[in-house]
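Commentary on secondary and tertiary structure
Listed below are the residues making up each chain.
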Amino acid sequence: MKMLINGRLKGEEKIEIRNPYNNEIIDKVPAASKEDAIEAISAAKKAKDEMISLTAHRISEALYDTSQELKKRSKEFSHLLALDSGKPIKAARDEVKRSIETLKLSAEESKRIYGETIPMDAGIGGKDFMGFTIRLPLGVIAAITPFNYPLNLAIHKVGPALASKNTVILKPSLKAPLSALKIGEILNEYFPPGAINVLTGKASIIGDEILKSEDIDKISFTGGFKTGKMIAENSGMKKLTLELGGNDPLIVLKDANIEKAVEGTIRGSYLYSGQICIAVKRIIIEEKIADEFVQKLVKETSKLKIGDPLDPKTDIGPLINEEAAIKIEKLVSEAIEDGAELLYGGGRNGNLFEPTILDNVKPSMRLVKEETFGPVSPIIRVKDADEALKVANSTCYALQAGVFTENIHEALRFASELEAGTVLINKQSTYRVDHMPFGGFDCSGMGKEGVKYAIEDMTRTKLIIFNKN
Ligand code: NAD
């Protein structure tokens, strides 16, 4: 597939994109040069005036039409996602459904970019004045996205950006770039040339141009902490949204409904092999009920089917590449050497890693101190709820957190004291609907996404004052 620059498909297809399941080449994409990046940025800058001249009604229709085109081509997109990201087809279909929804939300929100009236006379000196605000686009937005939800996370940036009359440079991950290139092509049919540009290639080449360009007004980044920090340190005065990693806890208190907690752990630890920012990465459980929980978790985990993402029965596909699988293998064996007990799984076959349960994990182990992006359920036993809270808050990540308890007092205490952008009661952290405010604190980043909230961060407020005299 080709890149999209200034409304035209461009670039020699030379970087091989491989299927993480069998390593077969599925397509090739261009390697953007410095000049390509400069051309895309200047096209996006030039397209700003035309975008601003469009009515909200016209933009809304364009986003809606794109959503309908994606709906028509759902099968093709799900297949592509399963091929390039290695996501089991069931999960790939869900991602496409959500992407349609995110585009529809963008179409709706593009009609609701309101300002407010300011009661000027509420202040000394405000008599005889009338004031109101309007919201304006920022200009050119660079959207940098990760491999794990390559379609929906791209749309979470591009949808709100176009909805608020910005123009966009989209840089998807080279690990799974195909769906972003394809959605770019569709959007390009409905928007002016240059409003949406998609660049593939070496992150450092494209990234350098984005970081140093004075024509980019905002970087909206989703990805790992290390990359996010580097971007924050090198982006000058550009506005930033950083949606970074997570180390989300699933806390099971002694009065929890254990079946519900097990079900939440299965979905949270193993969906897309745990390669999700809001995957359950630590299970913190009160000692009193840990044996019963663990027994049920092992039983349910043993029912999962590992294999080809294109097989509708597959629950667990490959990790994105062998390097990622080897990293998980290392973290698991290091934890075992340090005293954790392997209850299930632990095996690796190429890029495939078995769903793995480790008991008696200590908070100091790398497996739970860092963000582990794999199908692992590390169980940390604690003596009581106070210790659970302390352990949960002991990492620098603060994305989402789930607490299972039937005790309303504990639920309220954890809701207020857990360090997380979202606290879920009786639901695992691996939960998102696309209109909710989404985003973490501290090492998990800054700013919110969720279409309405992303639009807030992609617009600036201008105040207009009338002298009535
Ligand atoms: P990554 O940080 O390696 O890459 C993310 C993007 O940054 C990719 O497009 C990559 O090419 C680009 N990039 C890398 N170096 C760059 C540079 N020098 N300049 C500009 N861009 C550069 O992350 P990944 O492995 O693709 O994704 C996994 C990470 O993303 C995990 O940490 C996960 O938790 C996080 N994530 C967070 C959210 C969220 O909403 N908070 C959602 C999904 C994934």
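Quick caveat, the model's predicted, so the values are computed rather than measured. (Residues numbered from 1 in each chain as written. Predicted model: local features only at pLDDT ≥ 70, side-chain atom pairs only at ≥ 80, totals over all residues. Heavy atoms only, no water.)

1. Some details on the pattern of salt bridges
- By the definition in use, this model includes 32 salt bridges.
- Between Glu76 and Lys182 there is a salt bridge, with its nearest N and O atoms 2.9 Å apart. Here Glu76 is found in helix 4 (residues 74-85), whereas its partner Lys182 is found in helix 7 (residues 178-190), with 106 residues between them in sequence.
- Here Glu76 falls in the partly exposed class, since its relative accessible area comes to 32%.
- When the shortest N-O distance is used, the salt bridge between Asp311 and Lys305 registers 3.3 Å.
- The class of Asp311 is partly exposed, set by a relative accessible area of 25%.
- Members of the salt-bridge network, linked through shared partners, are Glu69, Lys72, Arg73, Glu76 and Lys182. (Salt bridge = Lys/Arg side-chain N within 4 Å of Asp/Glu carboxyl O. Helix = DSSP H or I, 4+ residues; strand = E, 2+ residues; numbered from the N terminus. Buried < 20%, exposed > 50% of the residue type's maximum accessible area, 1.4 Å probe, protein only.)

2. Details of the site of the ligand
- In the neighbourhood of the ligand, 27 residues make up the surrounding shell, with Thr145, Gly224, Thr227, Leu244 and Glu371 lying closest.
- Contact with the protein chains hides 86% of the accessible area of the ligand, taken as 850 Å² for the molecule alone.
- The residue inventory of the shell around the ligand, partitioned by class, reads 13 nonpolar, 10 polar and four charged.
- Of the domains in this structure, domain 1 (3-244 + 444-467) and domain 2 (249-425) are the two that each give at least three residues to the shell around the ligand. (Near = heavy atom within 4 Å. Areas by Shrake-Rupley, 256 points an atom, 1.4 Å probe, with all protein chains shown as cover. Nonpolar A, V, L, I, M, F, W, Y, C, P; charged D, E, K, R; others polar. Domains from an automatic or database assignment.)

3. Here we look at the pairing of strand 18 (residues 376-382)
- Among the seven residues in strand 18, seven count as buried, and that is most of the element.
- Every second residue of strand 18 is oriented toward a common face, with Val376, Pro378, Ile380 and Val382 on one face and Ser377, Ile379 and Arg381 on the other, all of them buried.
- Strand direction decides the pairing type here: strand 17 (residues 356-359) and strand 18, joined by three bridges, are parallel. In the strand pairing of strand 18, Leu358 is matched with Pro378. (Pairing = 2+ DSSP bridges.)

4. Let's talk about unusual backbone geometry
- For Asp128, which is not glycine, the phi torsion reads 75 degrees and is therefore positive.
- With respect to the helices and strands, the residue Asp128 is situated in the loop between strand 5 (117-118) and strand 6 (129-137).
- For Tyr272, which is not glycine, the phi torsion reads 45 degrees and is therefore positive.
- One can find Tyr272 in the loop between helix 10 (258-270) and strand 13 (282-286).
- Using a relative accessible area of 1% as the deciding quantity, one classes Tyr272 as buried.

5. Considering the UniProt feature "active site" (unreviewed entry) in the chain
- Within this structure's numbering, the places UniProt gives as "active site" (unreviewed entry) are Glu243.
- When you line up the elements, Glu243 lands in strand 11 (residues 239-243).
- Take Glu243: its relative accessible area is 4%, and that puts it in the buried class.
- Excluding residues that lie within four positions of it along the chain, Glu243 makes contacts with Phe221, Thr222, Gly223, Phe438, Gly439, Ser444, Gly447, Lys448 and Glu449. (UniProt positions renumbered as here; feature names shortened; annotations may be inferred. Contact = heavy atoms within 4.5 Å.)

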